[in-house]
Amino acid sequence: MLPCFNKKLFGFECMGCGLQRSTSLILKGEFIEAFFMYPAIYTIILLFGFIAVNHFKNYKSGSKIIIILAITNVAIIIGSYFLKLYFK
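To start, this report covers the structure provided alongside it. The shown structure was predicted, so the numbers you read here are calculated from the model rather than taken from an experiment.

**Some words on the pattern of salt bridges**
On inspection of all chains with the given rule, the structure shows 2 salt bridges. With a shortest N-O distance of 3.4 Å, Glu13 and Lys7 are connected by a salt bridge. For Glu13, the salt bridge is made with Lys84, and the minimal N-O distance between the two is 3.3 Å. With Glu13 in the loop between α1 (5-10) and α2 (19-27) and Lys84 in helix α5 (residues 62-87), this pair connects stretches of sequence that are 71 residues apart. In this structure Glu13 comes out as buried when scored by relative accessible area, which is 14%. Among the ionic contacts, a cluster of salt bridges with common partners joins Lys7, Glu13 and Lys84.

**Thoughts on the environment of Glu13**
For Glu13 and Lys84, which are 71 residues apart along the polypeptide, the C-alpha to C-alpha distance reads 9.4 Å. Those residues in contact with Glu13, other than ones at most four positions away along the chain, are Asn6, Lys7, Tyr81, Lys84 and Lys88. Here Lys7 takes part through its side chain, which lies 3.4 Å from a polar atom of the side chain of Glu13.

Parameters and conventions
- Residues numbered from 1 in each chain as written.
- Predicted model: local features only at pLDDT ≥ 70, side-chain atom pairs only at ≥ 80, totals over all residues.
- Heavy atoms only, no water.
- Salt bridge = Lys/Arg side-chain N within 4 Å of Asp/Glu carboxyl O.
- Helix = DSSP H or I, 4+ residues; strand = E, 2+ residues; numbered from the N terminus.
- Buried < 20%, exposed > 50% of the residue type's maximum accessible area, 1.4 Å probe, protein only.
- Contact = heavy atoms within 4.5 Å.
- Polar contact = N/O pair within 3.5 Å; in protein donor to acceptor, adjacent residues only side chain to side chain.

Below, the structure written as C-alpha cells:
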C-alpha cells in the first residue's frame, strides 16, 4: 500500500486515508470491514458507476444525479473525517 504523505509530513491522517485499504478489503470480499475502514467507499463506487453508465447512456437528469451523489460523498467524507478525529 502507498503511504499517506500527509500523515508522514504532518503526523495526522487526511480525508482520503483508508480509501486504498477499503478498496482492498472490497476486493477480498470483506464488505463490512471496508465500510468501517472508509464509510464513503460505497457512495464513491455508486458515483463512479453512475458516471460510467451516464457516459454511454445519457440520462435526462444525469448531471443532477451526479451532483447529488458528489455532494453526498463530500458530506460523508468530511463527516467521517471529523468523527475519526474526535474519537481518536
